[in-house]
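# Chain and residue survey
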Amino acid sequence: MDSEGNRRFVGVMDCNNFFVSCERVFDPSLEGRPVVVLSNNDGCAVSRSQEAKAIGIKMGMPAFKIEEEFIRKGVDVAMCSSNYTLYGDMSRRAMEILKSVVGNPAGCSGKAVDVYSIDEAFVDFGNMKAGEVGTLGKEIVRCVSKGTGIPVSVGVSHSKTLAKAATRFAKKYAGYKGFCMIDTEERRKKALSLLPLEDVWGVGYRSLRKFSAMGMKTAADFVAKGSCWIKQRMGVCGMRTYQELLGYDVIHLDHREMKQTITTSRSFGELVTDLGQLRTAVSNFASSCAQKLRAQHSSAIYATVFLMTSFFREDMPQYYPRAMVEFPEAEDSSMGIVEGCLSALDKIYRPGIAYKKAGVTVSGIVPNGHIQQNLYYQPDYERNRKVDLLMDEVNRRYGRSTLHLAVQGESAVFNRRAASGIAERKEQWEMRREHLSRNYTTSLSDVITVNADA
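Predicted, not measured: the structure shown is a model, and the values here were computed from it.

Rules used in this analysis
- Residues numbered from 1 in each chain as written.
- Predicted model: local features only at pLDDT ≥ 70, side-chain atom pairs only at ≥ 80, totals over all residues.
- Heavy atoms only, no water.
- 1 Å grid on protein atoms, 1.4 Å probe; cavity = no way out; pocket = protein on both sides within 12 Å on 5 of 7 lines; lining within 4 Å.
- Points joined across faces, edges and corners; volume = space filled by probe spheres on them.
- Helix = DSSP H or I, 4+ residues; strand = E, 2+ residues; numbered from the N terminus.
- Nonpolar A, V, L, I, M, F, W, Y, C, P; charged D, E, K, R; others polar.
- Pairing = 2+ DSSP bridges.
- Axes fitted to C-alpha atoms, helices over the stretch in contact; angles between N-to-C directions.
- Patch = residues over 30% accessible without salt bridge, like charges linked within 9 Å, V, L, I, M, F, W, Y side chains within 5 Å.
- Areas by Shrake-Rupley, 256 points an atom, 1.4 Å probe, with all protein chains shown as cover.
- Salt bridge = Lys/Arg side-chain N within 4 Å of Asp/Glu carboxyl O.
- Disulfide = S-S within 2.5 Å.
- Buried < 20%, exposed > 50% of the residue type's maximum accessible area, 1.4 Å probe, protein only.
- Polar contact = N/O pair within 3.5 Å; in protein donor to acceptor, adjacent residues only side chain to side chain.
- pLDDT = per-residue confidence, 0-100.
- Contact = heavy atoms within 4.5 Å.
- Core = buried A, V, L, I, M, F, W, Y, C linked by side-chain atoms within 4.5 Å.
- Phe/Tyr/Trp six-rings, centres within 6.5 Å; stacked < 30°, edge-to-face > 60°.

### Description of the layout of surface pockets
- Here the second largest pocket is characterised by a volume of approximately 1000 Å³.
- The wall of the second largest pocket is formed by 37 residues, among which Asn-17, Gln-50, Lys-53, Arg-168 and Lys-171 lie closest to the centre.
- Only strand S1 (10-15), helix H1 (18-26), strand S3 (45-48), helix H2 (50-54) and helix H6 (160-172) provide two or more residues apiece to the lining of the second largest pocket.
- Among the elements that make up the lining of the second largest pocket, the one with the highest residue count is H6 (7 residues).
- A breakdown of the residues in the lining of the second largest pocket according to their chemical character gives 16 nonpolar, 8 polar and 13 charged.

### Thoughts on the sheet that holds strand S6 (residues 120-124)
- The mixed open sheet is built from 5 strands, whose spatial order is S5-S6-S1-S7-S8. Edge positions in the sheet fall to strand S5 (113-117) and strand S8 (179-181), since each of these pairs with one other strand and no more. Pairwise comparison of adjacent strand axes, ignoring direction, gives a mean angle of 20° for this sheet.
- As paired elements, strand S7 (residues 152-157) and S8 share 3 bridges and run parallel to each other. Among the inter-strand pairings, Gly-155 is bridged to a residue of S8, identified as Cys-180.

### Quick word on a nonpolar patch on the surface
- A contiguous nonpolar patch, built from Phe-311, Phe-312 and Tyr-320 and spanning about 410 Å² of accessible area, is present on the exposed surface.
- Looking at the element boundaries, Phe-311 is found in the loop between strand S10 (298-308) and strand S11 (322-331).

### Overview of the state of the cysteines
- Tallying each qualifying case throughout the model produces 0 disulfides.
- The thiol of Cys-237 is unpaired, and the distance to the nearest cysteine sulfur, on Cys-228, comes to 17 Å.
- A relative accessible area of 52% means that Cys-237 is categorised as exposed.

### A short note on the side chain of Asn-384
- Take Asn-384: it is sitting in helix H13 (residues 381-398).
- In this structure Asn-384 comes out as buried when scored by relative accessible area, which is 13%.
- For Asn-384, the side chain forms a polar contact with the side chain of Arg-383, separated by 3.1 Å.

### A word on the confidence of the model for the protein
- Averaged over every residue, the pLDDT of the protein is 88; the share at 70 or more is 90%.
- Note that pLDDT drops below 50 for residues 412-425; the model gives that stretch 29 contacts with residues more than four away or on any other chain.

### A closer look at the nonpolar core
- Within the largest apolar cluster, 39 residues are counted, with the highest numbers of intra-cluster contacts made by Met-13, Phe-18, Leu-98, Phe-125, Ile-140 and Val-156.
- Among the elements that take part in this core, helix H4 (residues 84-102) stands out by supplying 7 residues, more than any other.
- Not counting chain neighbours up to four residues away, the residues in contact with Ile-140 comprise Met-13, Leu-98, Val-101, Val-102, Ser-145, Val-152 and Val-154.
- Ala-290, Ala-300, Ile-348 and Trp-429 belong to the second-largest nonpolar core, a separate cluster that totals 36 residues.

### Overview of the pairing of S10
- Across the 11 residues that make up S10, a large majority, 9, are buried.
- Relative to strand S12 (residues 355-367), S10 runs antiparallel, the two being bridged by 10 bridges. Across the sheet, Tyr-302 pairs through a bridge with Ser-363, a residue of S12.
- Inspection of the sheet shows S10 paired to S11 by 6 bridges, in the antiparallel sense. Bridged to Thr-304 within S11 is Met-324.

### Quick look at the sheet that holds strand S9 (residues 262-272)
- With antiparallel pairing, 4 strands are arranged side by side in an open sheet as S9-S12-S10-S11. With one partner strand each, in any of the chains shown, S9 and S11 form the two edges of the open sheet. Each strand of the sheet is rotated relative to its neighbour by a mean of 15°, with strand direction disregarded.

### Description of the packing of aromatic side chains
- Enumeration according to the criterion identifies 14 aromatic pairs in this entry.
- Aromatic pair Tyr-116 and Phe-122: ring centres 5.4 Å apart, planes at 80°, arrangement edge-to-face.
- By relative accessible area, which is 3% here, Phe-122 ends up buried.
- Ring centres of Phe-169 and Tyr-173 lie 6.4 Å apart, and the angle between their planes is 20°; on these two criteria the pair is classed as stacked.
- Residue Phe-169 is classed as buried on the basis of its relative accessible area, which comes to 8%.

Here's what the structure looks like:
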């Protein structure tokens, strides 16, 4: 509440079908068609256009089933491999536009814009009145959609959970034109009666299954059970959801806990036996963990490297080793973590074994301001910090792995699609991505060219 006792407004901006929308921005032929973006190694659907949803393509449906049930029957479904470099840069652009539109509202206690995920951000409107919030919310929809080509929805209410519910209505009903505001008690009650329980932020799968068996279908049914009933079954988290649905903003993103473990792993596009290929893969995974540590201003004491063979190849030896390394001091430098992980890999690698997956987990995570120093360990802190900050800034602006350690290999720089006219250069350990689009916004060789004579 503000100083006069009025409830403040909070908003959510959500990019609609984000991965699909990014692909459509640069490929107009995808407009109006069922489009599916696939997961790692082109495994299953992770993003679907409205047209794809309408014909029955479910989230998580395997790619081969999509081919069997739709494409081979003549349905014009377009499948795209996940292009994380493109999506990451488009997300950055959308969030920068959002921040420029919102500015710094009077009465905002923290960050006006809190980026929650690659396609979603919360907005604190400070002491703005309902009319001002409505005007600004519509301006966000207009500016971000125009500036990126990605359709967005904005929901506003007195709590984050209700604001997320409002974005669902903004997406579902075209009459809202991308903006929905739940600002009165009458609208709140109507929204809860129309909001399916599975769409309530904070109600997980297990709770949903139990509540559905009891005949609870909507958010209104959930709230009607009362605080005591909900607290007995869902604890403190359930109580927060209950209060949020009543219109009280009690979930504070500024207090999100620091991750205690961070894992980066991938299944390989093909089986790998070569140690050099594994070293390149592990180096990339370790560098990614280091970047995530720096993003939350923390360091790790331990790093674990693990390898896996294919569960499905019973004709081959099965081997699932892991090795842990302890750093002399809690580490967040890419160079230090990569070096430690490579030493762990050398301990568990066996020649002749065909590996399907590898990964790196960092643990023993502590805030950077609480690192226990080691008297006998004196690395070049200043040099390592400058290198890491430079890599983070360049990769933030120009795409992941634009600048990287030499041991990470050249795949990030030289991986080109046939569509760009350059032969593809691919490592064995890389993911299978047979429908990969270009990096239109971060690679000069992939920039769209216009033929004036056409």
